[in-house]
Structures are given as structure tokens and as C-alpha cells.
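Each chain, letter by letter, is given below.
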Amino acid sequence: LFILGDPAPEHVTLRAADLCERARELTVQHGTRRLPPVTLSIGVALHPQHATAADELLRAADRALYAAKDAGRDRVAVAPPGSRKSTGTVTAAA
């Protein structure tokens, strides 16, 4: 869970995509064995665009997270506006 002061969707999405890229650049080793790249799936929901109550906002972010995973993982998905009122699809952005 991240709480950011800049709620502009494009800034949040770029920040999340940067986190995904940085995770892929990590080198993880177990003993002498190098492990596969780390990947992240991130769901984004913004206040008040996606919800006004904390529990609704978390549910919108959770739905966006699962949309990112369903779309192939290692990506950012943003909940659609008004997502608390519908169960529509979430747009994924890599």
C-alpha cells in the first residue's frame, strides 16, 4: 500500500511502472544460484476518482491488482473511474 501526495493518475501510473522496472533490474541470488528476475503487479486506485471510503478504495486497488495479474503480470493496472459502483473490467498498462 502506497499513499502518495500527488493523485494525478499519470504520475501515479508512471511511478508504479518505474517500481516494476526497478524490480526487474534486481539481481537475486540464493547460494551460488542466480534466481529469475523479480516482477511486480500493481493495482492503482485513486481518491476520490475510484472511491471515497478507505475500504472501497482498497477494494478498487485490489481488483486492479488482480486485473494486472490476469493480463500477464509484471504490469500496472488502474481501476476504472467509478469502479466502486461496478464490476467492469480494469484497463491494464504495461
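That block above? That's the structure.
The numbers attached to residues start from 1 for each chain and follow its sequence in the written order. At least 70 in pLDDT is required for a residue's local features to be given in this predicted model, at least 80 for side-chain atom pairs to be given and counted, and no such filter applies to totals for whole chains, interfaces and linings, which use all residues. Hydrogens and waters are ignored; side-chain quantities use all the structure's heavy atoms.

This brings us to the overall build of the chain. Helices and strands together make up the secondary structure of the chain, namely two helices and five strands. Starting at the N terminus, helices and strands are each numbered in turn, a helix being any DSSP run of H or I of at least four residues and a strand any DSSP run of E of at least two. Each helix and strand of the chain, placed in order from N terminus to C terminus, yields the pattern α-β-β-β-α-β-β. Each residue's exposure class comes from its accessible area (1.4 Å probe, protein chains only) as a fraction of the maximum for that residue type: buried when under 20%, exposed when over 50%, partly exposed otherwise. Of all 94 residues assigned to the chain, the portion counted as buried reaches 24%. We call two residues in contact whenever any of their non-hydrogen atoms come within 4.5 Å of each other. Long-range pairs, those at least 24 residues apart, make up 47% of the contacts in the chain between residues at least 6 apart in sequence.

To estimate how far a helix should reach, multiply one less than its number of residues by 1.5 Å. For helix 2 (residues 54–70), built from 17 residues, the straight-helix expectation of 24 Å at 1.5 Å per residue is met to within 8% by its first-to-last C-alpha distance of 24 Å. Considered for burial, the residues of helix 2 that qualify are Ala60, Ala61, Ala64, Ala67 and Ala68. Down the axis of helix 2, the smallest arc covering the buried residues is 115°, so these residues share one side. Looking at the buried side of helix 2, the elements it contacts are strand 3 (42–44) and strand 4 (76–78). Positive backbone phi, approximately 125°, marks Gly72, located one or two places after helix 2. Regarding the arc, it is the one traced by the directions from the helix axis to the C-beta atoms.

Next up on the list: a nonpolar patch on the surface. On the surface, Leu1, Ile3 and Leu58 cluster together into a nonpolar patch covering about 420 Å² of accessible area. Along the chain, Ile3 turns up in the segment before helix 1 (9–25). To count toward a patch, a residue needs a relative accessible area above 30% and no salt bridge. Like charges then connect within 9 Å, nonpolar side chains (Val, Leu, Ile, Met, Phe, Trp, Tyr) within 5 Å. Per-residue and other accessible areas were derived by the Shrake-Rupley procedure at a 1.4 Å probe size, with only the shown protein chains allowed to occlude residues. Salt bridge, as used here, is a side-chain nitrogen of Lys or Arg placed within 4 Å of a carboxyl oxygen of Asp or Glu.

Within the secondary structure layout, Ser41 lies in the loop between strand 2 (33–34) and strand 3. What qualifies as a polar contact is a pair of N or O atoms within 3.5 Å, subject to a donor-acceptor requirement within protein and to the restriction that residues adjacent in sequence count only when both atoms come from side chains. Within the structure, Ser41 has its side chain in polar contact with the backbone nitrogen of Asp74 (distance 3.3 Å). Non-local contacts of Ser41, meaning those with residues more than four positions away in its chain, are made with Leu65, Ala68, Lys69, Arg73, Asp74 and Arg75.

What follows concerns the side chain of His50. One can find His50 in the loop between strand 3 and helix 2. At 2.6 Å, the side chain of His50 and the backbone nitrogen of Leu46 are in polar contact.

Quick look at the pattern of salt bridges now. What the rule picks out here adds up to three salt bridges. Between Asp74 and Arg24 there is a salt bridge, with its nearest N and O atoms 2.9 Å apart. Placement of the pair is Asp74 in the loop between helix 2 and strand 4 and Arg24 in helix 1, with a sequence separation of 50 residues. Looking at Asp74, the relative accessible area reads 23%, which means it is partly exposed. Owing to a relative accessible area of 35%, Arg24 belongs among the partly exposed residues under this scheme.

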